[in-house]
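Understanding the architecture of this molecule
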Amino acid sequence: MKPRPFTYIRPETVAEATEALSEWKEAARVMAGGQTLIAMLNLRLVDCEAIVDISRVPELSAITRTKTHLEVGAAVTQNRLLSRPELAQEVPLLAKALPWVGHFQTRNKGTVCGSIAHADPASELPLSLAVLGGEVVLRSRRGTRVLKASEFQRGLLATAREADELVTAVRFPLGAKGEGTGFREVARRHGDFAIVSLAARARADAIDLGIGGVADRPAVRAIPRADLSRLDDIVDALAAELGGFEDIHATARYRRDLVRRLARPVIDEALSCSA
């Protein structure tokens with residue numbers, strides 16, 4: 001199938017992009033890489049009257065390191081970030097999670113911010129952002145606001161972005177000295193949509209365990225190091241609390257079982273990296 005006719009808008013600045021979104025509001029869709037949007041339009045799972053293509057806006061193509069975080073612009077592709085030589089030292093969890101995002105070909109076009117804006121609960125990048133406690137930067141004609149990852153993703157494919165707002169960047173906190181990270185994922189094939197994915201960050205006093213693909217958004221729990229002796233009980237309770245959902249790929253019970261099986265290896269990996 002093919003999409004219905006739409007107006008194609010290719011702004012050259014962020015101001016032009018936000019102007020278009022202010023005019024079209026809910027009738028517009030933002031496209032950066034288009035790896036998800038184009039397929040959904042072709043299948044008519046979504047519809048729109050206008051597409052605002054931000055892929056060639058120079059302001060959105062930067063990767064900027066500050067004293068506290070790595071800021072990734074909305075036009076930065078997943079492979080471009082993955083190929084950054086310093087990434088494994090700057091944000092180790094990203095370096096571990098990015099190779100699991102789709103396939104090499106899709107990562108050449110798919111953007112980091114696009115994946116987070118899409119808000120698939122099983123996606124690797126929203127999970128990584130949630131575990132690290134990152135932020136999402138949004139701009140509109142009304143101004144700029146910055147939301148924490150936990151505030152931005154509100155549910156299955158649902159975010160706090162207003163119709164006239166543009167996600168211009170995401171901010172990943174830099175890895176701190178003594179921290180370690182781990183990542184695990186189960187999919188039918190490498191590069192397929194994850195059935196369940198887990199990420200962990202080992203801090204001085206606690207382990208942040210993130211779980212994707214079980215609830216309607218990434219779930220993050222801080223487990224004190226003093227409680228690791230009863231990790232199995234904690235993970236059992238967490239899996240039961242999340243409940244899980246069923247689809248053509250897996251049952252809710254299978255998803256909960258994967259959480260129980262993957263939690264200890266991913267935490268052990270994070271602890272070994274922090275040693």
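Small disclaimer: the values here were computed from a predicted structure and weren't measured.

The rules behind these values
- Residues numbered from 1 in each chain as written.
- Predicted model: local features only at pLDDT ≥ 70, side-chain atom pairs only at ≥ 80, totals over all residues.
- Heavy atoms only, no water.
- Pairing = 2+ DSSP bridges.
- Helix = DSSP H or I, 4+ residues; strand = E, 2+ residues; numbered from the N terminus.
- Axes fitted to C-alpha atoms, helices over the stretch in contact; angles between N-to-C directions.
- Contact = heavy atoms within 4.5 Å.
- Polar contact = N/O pair within 3.5 Å; in protein donor to acceptor, adjacent residues only side chain to side chain.
- Expected span 1.5 Å × (residues − 1).
- Bend = angle between axes of the 7 residues up to and from the residue.
- Buried < 20%, exposed > 50% of the residue type's maximum accessible area, 1.4 Å probe, protein only.
- Salt bridge = Lys/Arg side-chain N within 4 Å of Asp/Glu carboxyl O.
- Arc of directions from axis to C-beta.
- Core = buried A, V, L, I, M, F, W, Y, C linked by side-chain atoms within 4.5 Å.

**Re the sheet that holds strand β13 (residues 206-212)**
- An order of β11-β12-β13-β14 is seen for the four strands of this open sheet, with the pairing classed as antiparallel. The open sheet has two edge strands with one neighbour each: β11 (180-186) and β14 (219-224). Going across the sheet, the axis of each strand differs from the next one's by a mean of 15°, ignoring polarity.
- Lying over the sheet, helix α8 (residues 124-132) contacts β11, β12 (196-202), β13 and β14, oriented at roughly 25° with respect to β12.
- Packing of helix α10 (residues 231-242) onto the sheet brings it into contact with β13 and β14, and relative to β14 it is tilted by some 160°.

**Examining the side chain of E90**
- Examined against the element boundaries, E90 turns out to sit in helix α4 (residues 87-90).
- Among the polar contacts listed, one links the side chain of E90 to the side chain of R65, at a separation of 3.3 Å.
- Excluding anything up to four places from it in sequence, E90 contacts R65, L70, R84, P173, L174 and G175.

**Side note on helix α11 (residues 252-274)**
- Taking 1.5 Å per residue, 23 residues should reach 33 Å; α11 reaches 33 Å between its end C-alpha atoms and fits that length.
- Taking the largest bend as the criterion, α11 deviates by roughly 35°, centred on L262, and proline P265 comes between one and four positions later.
- What α11 keeps buried is the set A252, R255, L258, V259, L262, A263, V266, I267, E269, A270 and S274.
- Close packing links the buried residues of α11 with α5 (92-97), β11, β12, β13, β14 and α10.

**What about the pattern of salt bridges?**
- Across all of its chains, the model carries 22 salt bridges by this definition.
- Note that R230 is salt-bridged to D227, the shortest N-O span being 3.7 Å.
- What makes D227 partly exposed here is its relative accessible area of 22%.
- A salt bridge links D236 to R260; the nearest nitrogen and oxygen atoms lie 2.9 Å apart. Within this pair, whereas D236 is found in helix α10, its partner R260 is found in helix α11, the two being separated by 24 residues in sequence.

**Notes on α10**
- For α10, built from 12 residues, the straight-helix expectation of 16 Å at 1.5 Å per residue is met to within 8% by its first-to-last C-alpha distance of 16 Å.
- Among the residues of α10, L231, I234, V235, L238, A239 and L242 are the ones counted as buried. For α10, the buried positions fall inside an angular range of 130° around the axis, keeping them on one side. Facing away from the buried surface of α10 by more than 90 degrees, the exposed residues are D233, A240 and E241.

**Here we look at the nonpolar core**
- If you look at the biggest cluster of nonpolar residues, it comprises 47 residues, and the most contacted ones within it are I54, L81, I116 and F172.
- Among the elements that make up this core, the one with the highest residue count is α8 (five residues).
- Discounting residues that sit within four places of it in the chain, F172 has contacts with H69, L70, V72, V91, L94, V112, I116, L129 and L132.
- A202, L228, I234 and A250 belong to the second-largest nonpolar core, a separate cluster that totals 28 residues.

**A look at the pairing of β14**
- As judged from the six bridges shared by β13 and β14, these two strands associate in the antiparallel manner. Within β14, the residue paired with I207 across the bridge is I223.

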